[in-house]
Amino acid sequence: MSNTIDTIKEQINNNPILLYMKGTPRMPQCGFSAQTVQALMACGERFAFVNILENPDIRAELPKYANWPTFPQLWVKGELIGGCDIVVEMAQNGELQTLITEAAGEQEGE
Ligand SMILES: N[C@@H](CCC(=O)N[C@@H](CS)C(=O)NCC(=O)O)C(=O)O
Ligand code: FES
């Protein structure tokens, strides 16, 4: 569905820090999404999210577009960073904070 792909592209281009997840940051609906939100929130910056459980078209199309089969998916500055495993690892080694702080700087400057 090309419409859905356009929506996805818009979301990715308009939100420098964007998490596709199951549920919401306040109420994640899966442990993988919950862990990822926790790591992201610990960075202390505002981020956008899309609840894919409420957007079945995006749930169906994004994995093909991203070439990444699962959720959550963290996108920063238009690029897929990864899912839960990668985000948690990057949180542990400090890379996530650096990435998010930098992306948030651009967000402020908008
Ligand atoms: N190892 C994955 C775990 C995520 C995962 O396995 N997600 C599954 C279950 S929540 C998924 O998104 N399945 C496809 C779907 O539910 O649409 C990661 O690092 O993100
Ligand atoms: S919803 Fe079952 S593992 Fe994520």
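Everything numeric in this text was worked out from a predicted model, so none of it was measured.

Trainee: For the UniProt feature "binding site: glutathione" (unreviewed entry) in the chain, give the residues involved together with the corresponding values.
Mentor: Within this structure's numbering, the places UniProt gives as "binding site: glutathione" (unreviewed entry) are K22, R59, F71, C84 and D85. In this structure, F71 sits in the loop between α3 (56–66) and β3 (73–76). Beyond its immediate chain neighbours, meaning those up to four positions away, F71 contacts Y20, F32, I52, I58, R59, L62 and P63. When you line up the elements, C84 lands in helix α4 (residues 84–92).

Trainee: So what about the sheet that holds strand β4 (residues 79–82)? Which residues, and what values?
Mentor: The sheet built from four strands is open, its strands ordered β2-β1-β3-β4 with mixed pairing. Looking at strand neighbours, the two that pair on one side only are β2 (48–51) and β4, the edges of this open sheet. Direction aside, the axes of adjacent strands within the sheet are offset by 25 degrees on average. Bridge analysis of β3 against β4 gives three bridges, and the strand direction is antiparallel.

Trainee: How would you explain the confidence of the model for the chain if you had to name every residue and give the values?
Mentor: Interpreting fine coordinate detail is not advised for predicted regions of low pLDDT. For the chain, the mean per-residue pLDDT works out to 96, and 95% of the residues sit at or above 70. The secondary-structure element of the chain with the lowest mean pLDDT is helix α5 (residues 95–108), recorded at 91, while strand β1 (residues 17–21) shows the highest, at 99. Reported confidence for the predicted complex is 0.99 by ipTM and 0.96 by pTM.

Trainee: Give me the lowdown on the packing of helix α2 (residues 31–41) against α4, citing residues and values where you can.
Mentor: Relative to each other, α2 and α4 sit at 30 degrees, their axes nearing to 9 Å. Judged by the angle between their axes, α2 and α4 are roughly parallel. Regarding α2 and α4, the two cross each other, and that crossing is left-handed. For the pair α2 and α4, the contacting residues are F32, Q35, T36 and A39 in the first and C84, V87, V88 and A91 in the second. Among the residues making up the contact of α2 with α4, the classes are represented as six nonpolar, two polar and no charged.

Trainee: Can you tell me about the environment of L53, naming the residues and giving the values?
Mentor: Looking at the element boundaries, L53 is found in the loop between β2 and α3. Remark: the alpha-carbon pair of L53 and A104, spanning 51 residues in sequence, is separated by 26 Å. The contact partners of L53, leaving out residues within four places of it in the chain, are M21, K22, G23, Q29 and R59.

Trainee: Which residues make up the nonpolar core, and what values do they have?
Mentor: Among the nonpolar cores identified, the biggest contains 16 residues, and I17, L19, L40, L74, L96 and I100 are the most heavily contacted of them. Mapped onto this core, the elements with two or more residues apiece are β1, α2, β3, α4 and α5. When neighbours within four sequence positions are excluded, L40 is seen to be in contact with I17, L19, F47, L74, L96 and I100. Among the nonpolar cores identified, the runner-up in size contains twelve residues, and V50, I58, A66 and W75 belong to it.

Conventions and cut-offs
Residues numbered from 1 in each chain as written. Chains lettered and ligands numbered in written order. Predicted model: local features only at pLDDT ≥ 70, side-chain atom pairs only at ≥ 80, totals over all residues. Heavy atoms only, no water. UniProt positions renumbered as here; feature names shortened; annotations may be inferred. Helix = DSSP H or I, 4+ residues; strand = E, 2+ residues; numbered from the N terminus. Contact = heavy atoms within 4.5 Å. Pairing = 2+ DSSP bridges. Axes fitted to C-alpha atoms, helices over the stretch in contact; angles between N-to-C directions. pLDDT = per-residue confidence, 0-100. Parallel < 35°, antiparallel > 145°, perpendicular 65-115°, else oblique. Left-handed = near helix turned anticlockwise from the far one by under 90°. Nonpolar A, V, L, I, M, F, W, Y, C, P; charged D, E, K, R; others polar. Core = buried A, V, L, I, M, F, W, Y, C linked by side-chain atoms within 4.5 Å. Buried < 20%, exposed > 50% of the residue type's maximum accessible area, 1.4 Å probe, protein only.

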